[in-house]
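Fold and contact review
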Amino acid sequence: MAWKENGLRRGLGILIGAATMALALYRLLPGETGLPEREFCTAVALALALVIAALAGRPGFGLLASGALVGAIWLAGALKLAYLHTPLLAPDLRYFASTSTLDVIAHYPKIWRKCTLVLVGVAILGFLVWRLESPGWWRRRSWLAHAAAVAVAALPMSLVTWPEGPFRQVHATTLWEFMSQAERNPVTTFLRSITRMRVQLPSYTPDAADAFDWGAESVPANPPAHRPDLFVVLEESTLDPRQWSICDVPRCVLPMFDADDRTHARGLLRVHTYGGGTWTSEFAFLTGLPHTLFGAAGLYAPFNLAPRVQDSLPRHLRALGYRTVGIYSMPRSFLRAAEAYAEYGFDRLVDAQDLGLVWTSTDEELMRGVERVLAEERAGDDRPLFFMILTMRQHGPHDYPLDTLPSPWNLPPLPGQDERLNRNLGHYLYRLHQSSEAIAGLRRLLFDGGRPSVLVHFGDHHPTFDGLESALETTLPSDLRTEASQLTYYRIDSSVDGARFEPAAPLDIAFLGGLLLDVAGLPKGAYFEANTRLRERCRGRFDDCPDRAVLDSYLAYAFDVLNVFAK
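Let me begin by describing the structure that accompanies this report. Source: prediction; values computed, not measured.

Considering the nonpolar core
Residues Phe285, Phe386, Phe458 and Leu512 are the most contacted members of the largest nonpolar core, which totals 75 residues. Of all the elements, helix H20 (residues 548-561) adds the most residues to this core, at eight residues. Of all hydrophobic cores here, the second largest spans 42 residues; its members include Val325, Ile327, Leu432 and Leu446.

Encoded structure:
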């Protein structure tokens, strides 16, 4: 009778494991739009179940564990697409496994509640199935038999994941297809990313460097008598709200977006991300290279690209005698920021913990911290300064009750619109109002301080409003509407008289550093001289330069002649 009881227990364990696997596939397969992708996901899940069953000696546990893993991939991918509009990729498991990421997730109750429920449920079922199938197959059997069984069980997984195997059609995608299919095939994209997260150098013709004149180290015609201090503010999740056609009320008009008599350059800025990934905008601005040049691995610039940077704006300014300081509104451990900033060329990094900032700290509080750091840097050191300041207050979520805001911000900004949109837009505009006042305060601090100064502030990715933003109509010209989701703003002001610049719009963020050097009247060196010439020849565009021969020559010059990036 004992063997019958054991058989019933094992059968129940296998049934629970199979049900878990079936539920996971039932949820994830409809999200894969192609039949080959659905078959691929199913095959991977079953092959993984076989490997786990062989390792544990419990077939039910193998099915349950595999179903839970692929289900977790589906859930995490769905949440990331919904909130950040970016796909889940394999490096997320490593790069975001930090307390900082958990702090971010904690501010999205819908995310952590779902994740907690799933985690607890799977843990309970896993313990139950493990006990039902005890003892496992390998009790009192030789390790050699165990190893042989695992090796045999691994063969299907090797075959399924082999690029030349039965799913070669799924594996054989171009880089563009790989990224563009992420929303249509999120689990397939994640599985493929496991082997595709290596840095890919941009393709170009090696002997094309001399096809165009990229100049040499340049000397400004009228250099300033004293090199100005340079202050850059990367406004996370920020754009001029008048870019949305519905935002036609007085609250949508903020001084930070309009020019005045100190403005030397201003316009639309093209970034290469949406809804998240501010570190890619950092990389593009500081290095003059869009992260998209390096394949999917470019999404993780602080890890994959920063260690290989050989030239950058901070490095160039250090060579000109500048002291370079980063002001970072997150802990320095977030996404390897401390190491990355050092590799970009910063002498010092001041993070949120140094400044006493928390998630809800306002931009005004951040700027008070900037003022303290500025006083420290100027004490006993007369070198010109370069400050790179990252704000975070505009980061989502924004969907909070309006009655938590002071008057008049506690009233719907657009009474005729949906309540949920009013909540998101109301909080966004309130924080933007605070940002505009903080920028005005920084201007007064710098321009009334007696030292020549240049102030740059620019937007980063759009906020998502939990998916609502992508549906808002834009006021941009018709020829720019297809790229509206990646267009934000920039503005460069100076306390020093000098030339005004009107580069072609939209301006790629990779050209903003060179434009800053132009406004400041500083030598650009060989690299940023070439960057400026590319800006002019490609009319403000970089990877979508209308003249591919020009871009081909530039890449060959930058990578092979100037060696701006270690191969």
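Re the packing of aromatic side chains
Counted under the stated rule, the structure contains 25 aromatic pairs. Relative to Phe167, the ring of Phe40 lies with its centre 5.5 Å away and its plane at 65 degrees, an arrangement referred to as edge-to-face. Of this pair, Phe40 sits in helix H2 (residues 35-56) while Phe167 is found in the loop between helix H7 (143-161) and helix H8 (168-171), placing the two residues 127 residues apart along the sequence. Residues Phe40 and Phe167 agree in their burial class; the two are buried. Their ring planes at 55 degrees and their centres at 6.3 Å tell us that Phe212 and Trp214 sit as a pair that is tilted.

Digging into the packing of H2 against helix H10 (residues 186-193)
Close contact between H2 and H10 brings their axes to 9 Å; oriented N to C, the two are set at 60 degrees. Classified by the interaxial angle, the pair formed by H2 and H10 is oblique. Crossing of H2 against H10: the hand is left-handed. The residues of H10 that touch H2, namely those facing Glu37, Phe40, Cys41 and Val44, are Val187, Thr188 and Leu191. Residue composition of the contact of H2 with H10, grouped by class: five nonpolar, one polar and one charged.

Some points on the sheet that holds strand S1 (residues 229-235)
Within the open sheet, the eight strands sit side by side as S4-S3-S5-S1-S6-S7-S2-S8. Their pairing is mixed. At either margin of the open sheet sits one strand with a lone partner, and together these are strand S4 (348-350) and strand S8 (507-508). Relative to S8, strand S2 (residues 263-270) is paired through two bridges, and the arrangement is parallel. Counterpart to Arg270 in the pairing with S8 is Asp508. In this fold helix H18 (residues 512-520) packs onto S1, S2, strand S5 (385-390), strand S6 (453-459), strand S7 (487-494) and S8, with an angle of close to 20 degrees to the strand it touches most, S7.

Parameters and conventions
Residues numbered from 1 in each chain as written. Predicted model: local features only at pLDDT ≥ 70, side-chain atom pairs only at ≥ 80, totals over all residues. Heavy atoms only, no water. Core = buried A, V, L, I, M, F, W, Y, C linked by side-chain atoms within 4.5 Å. Buried < 20%, exposed > 50% of the residue type's maximum accessible area, 1.4 Å probe, protein only. Helix = DSSP H or I, 4+ residues; strand = E, 2+ residues; numbered from the N terminus. Phe/Tyr/Trp six-rings, centres within 6.5 Å; stacked < 30°, edge-to-face > 60°. Axes fitted to C-alpha atoms, helices over the stretch in contact; angles between N-to-C directions. Parallel < 35°, antiparallel > 145°, perpendicular 65-115°, else oblique. Left-handed = near helix turned anticlockwise from the far one by under 90°. Contact = heavy atoms within 4.5 Å. Nonpolar A, V, L, I, M, F, W, Y, C, P; charged D, E, K, R; others polar. Pairing = 2+ DSSP bridges.

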